[in-house]
Amino acid sequence: MILASALDAVGGTPMIALDRIHRGPGRLLAKAEFMQPGGSVKDRAARAIIVAARVDGRLREGMTVVEMTSGNMGAGLAVACATLGHPLVVMMSAGNSPARARMLEGLGAEVHLIEQVDGQPGQVTGADVAAAEAAARDYAARRGAFYVDQFHAPEGLAVHERETGQEILRQVGGRVDAWVAAVGSGCTFMGVARALKAASAATICAAVEPAGCRPLAGEPVTKPRHLIQGTGYGSAPPHWDPRLMDLSLAVEDEAVESMRRRLAREEGLYVGYSAAANVCGALALLGSGRLAGEPTVVTVLCDTGLKY
Ligand SMILES: Cc1ncc(COP(=O)(O)O)c(C=O)c1O
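Everything numeric here is computed off the predicted structure, so don't read it as measured data. Within every chain, residues take consecutive numbers counted from 1 along the sequence as written. For a predicted model such as this one, the threshold for reporting local features is a pLDDT of at least 70, and the threshold for listing and counting side-chain atom pairs is 80 or more; totals across whole chains, interfaces and linings nevertheless cover every residue. Calculation of side-chain values draws on the structure's entire complement of heavy atoms; hydrogens and water are dropped beforehand.

(A) Seen up close, the overall build of the protein. A run of DSSP states H or I qualifies as a helix once it reaches four residues; a run of E qualifies as a strand once it reaches two. Both are numbered from the N-terminal end. Scanning the protein for helices and strands turns up eight helices and ten strands. Atoms considered for the radius of gyration are the C-alpha atoms alone. The globule rule reads 2.2 Å times the number of residues to the power 0.38. In terms of overall size, the protein behaves like a compact globule, its C-alpha atoms giving a radius of gyration of 18 Å where 308 residues would be expected to give roughly 19 Å. A principal-axis box enclosing the C-alpha atoms of the protein has dimensions of 55 × 45 × 35 Å. With a 1.4 Å probe rolled over the protein chains alone, any residue whose accessible area is under 20% of its type maximum counts as buried; one over 50% counts as exposed, and the rest are partly exposed. The burial tally for the protein puts 59% of its 308 residues in the buried class. Residue contacts are counted whenever heavy atoms from the two residues lie within 4.5 Å of one another. The contacts of the protein with a sequence gap of at least 6 include a subset with a gap of at least 24, amounting to 70%. When the accessible area of the protein is evaluated, it comes to approximately 12,200 Å², of which 53% is carbon and sulfur surface. Charged residues are defined narrowly, with Lys and Arg counted positive, Asp and Glu counted negative, and His plus the chain ends left uncounted. In plain terms, the charge of a residue is placed at NZ if it is Lys, CZ if Arg, CG if Asp and CD if Glu. The averaged location of the 32 negative side-chain charges in the protein is 3 Å from the averaged location of its 30 positive side-chain charges. In these tables, accessible area is a Shrake-Rupley quantity obtained with a 1.4 Å probe, and a residue counts as shielded only by the protein chains included in the view.

See the structure below:
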């Protein structure tokens, strides 16, 4: 098969059984979103937003694209912008991993690192993200550029419902008992939850939150700093629909570090922190007794470990 461009390699990711980490009862399946051109789950939203904006005329030929990103949305946008001929400017908190900035620059993006407000390197808080977002909005307004606005763009959620969710249903080929994912913009968690709940209202949808930073669980935030970059910003994202979440699972930084190593060494999957957090959450759910019989639990490996 010959694809017309790198953009056509977005989506259609494999589903991998984590049979060495979870030996049963039931099965833990992971959608390998890191196997996309930009190296993360965000490639899907990036492509969807850019293509929609070109179709409806908000993004004209050759126009500059601007976004605030933890790095992954930026990489997805960089792939789209390179293939479609748009200059890309990204505002990224300086607390995100330098590997991401290198990749973005390699893909031709102009990267502005925004000083952290209350986080520290490797631990990016909601306030840090808000600072990068303000810089991106300001830049787009001053330069007349297209502002992607991943936290408000409806296409991100829609693409996960229409594509990722349907891919999961086809790949599993039967009942999905539970879906587990960490929440950044919430597009992945909510889009897939919508698709799975439409197929079977009994599917349990569990969000993963860092311990001490669990607004979705309704808890006060006591520890805004954590390792799970790209998620857990300390407040519910703008499109958040609480009806899609049946429960929230807390994960500790130490458990996430250790799971990242296990995924690499036992499953041959070198992935990032949110991927490991998702697997920790899924194992906790499988061990909770809440799922009867031989349950099928699906989660997502959000990005490659090469980004850290
Ligand atoms: C590494 C990583 N994991 C998970 C997510 C969360 O995805 P979503 O924004 O769809 O909630 C992101 C978002 O940027 C991310 O970068």
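(B) Representation of the environment of Val298 within the structure. Locating Val298 in the fold gives a position in strand β10 (residues 296-300). Each residue touching Val298, except ones within four places of it in the same chain, is listed here: Met15, Leu29, Ile168, Val172, Val176, Ala178, Trp179 and Val180.

(C) Up close: the sheet that holds strand β1 (residues 15-17). Reading across from one edge, β1-β2-β10-β7-β8-β9 is the order of the six strands in this open sheet, with mixed pairing throughout. At either end of the open sheet lies a strand with only one pairing partner, and these are β1 and β9 (247-251). Put simply, the sheet's adjacent strands are angled 25° from each other on average, direction ignored. In this analysis, strands are considered paired if DSSP registers two or more bridges between them. Summarising the sheet, strand β7 (residues 178-182) and β10 pair through three bridges and their orientation is parallel. By the bridge assignment for β10, Val180 is matched with Thr299. Packed onto the sheet, helix α6 (residues 187-199) meets β7, β8 (204-210) and β10 and runs at close to 170° relative to β7. Axes, fitted as lines to C-alpha atoms, cover a helix only where it is in contact. Angles between the N-to-C directions of the axes lie from 0 to 180 degrees.

(D) Expanded view of the packing of helix α7 (residues 253-267) against helix α8 (residues 273-286). Following both chains from N to C, one finds α7 and α8 inclined at 100°, their axes separated by 8 Å at the closest point. Here α8 runs roughly perpendicular to α7, going by the angle between their axes. Residues Ala255, Val256, Glu257, Met259, Arg260 and Leu263 of α7 form the contact with α8, whose own contacting residues are Tyr273, Ala275, Ala276, Ala277, Val279, Cys280 and Leu283. Any residue that is not Ala, Val, Leu, Ile, Met, Phe, Trp, Tyr, Cys, Pro, Asp, Glu, Lys or Arg is counted as polar, Gly included; the first ten are nonpolar and the last four charged. Residues belonging to the contact of α7 with α8 are distributed by class as follows: eleven nonpolar, no polar and two charged. The labels follow the angle: roughly parallel below 35 degrees, roughly antiparallel above 145, roughly perpendicular from 65 to 115, and oblique for the rest.

(E) Structural detail: the site of the ligand. Near the ligand there are 16 residues, and of these Lys42, Gly184, Ser185, Thr188 and Ser274 occur at the shortest range. Polar contacts, as counted here, are pairs of nitrogen or oxygen atoms within 3.5 Å of one another; within protein the pair requires one atom able to donate a hydrogen and one able to accept it, and residues that are adjacent in sequence qualify only if both atoms are side-chain atoms. Take Lys42: an N or O atom from its side chain is 2.7 Å from an oxygen atom of the ligand. Here Thr188 contributes a side-chain N or O atom positioned 2.6 Å from an oxygen atom of the ligand. Considering the ligand on its own, with 390 Å² of exposed area, one finds that the protein chains cover 97% of that surface. Of the residues belonging to the shell around the ligand, the class tally is four nonpolar, ten polar and two charged. Residue ranges assigned to the domains are those given by an automatic or database domain assignment. Counting contributing residues, the shell around the ligand receives three or more from each of domain 1 (6-40 + 164-307) and domain 2 (42-147). If a single non-hydrogen atom of a residue is within 4 Å of a molecule or strand, that residue counts as near it.

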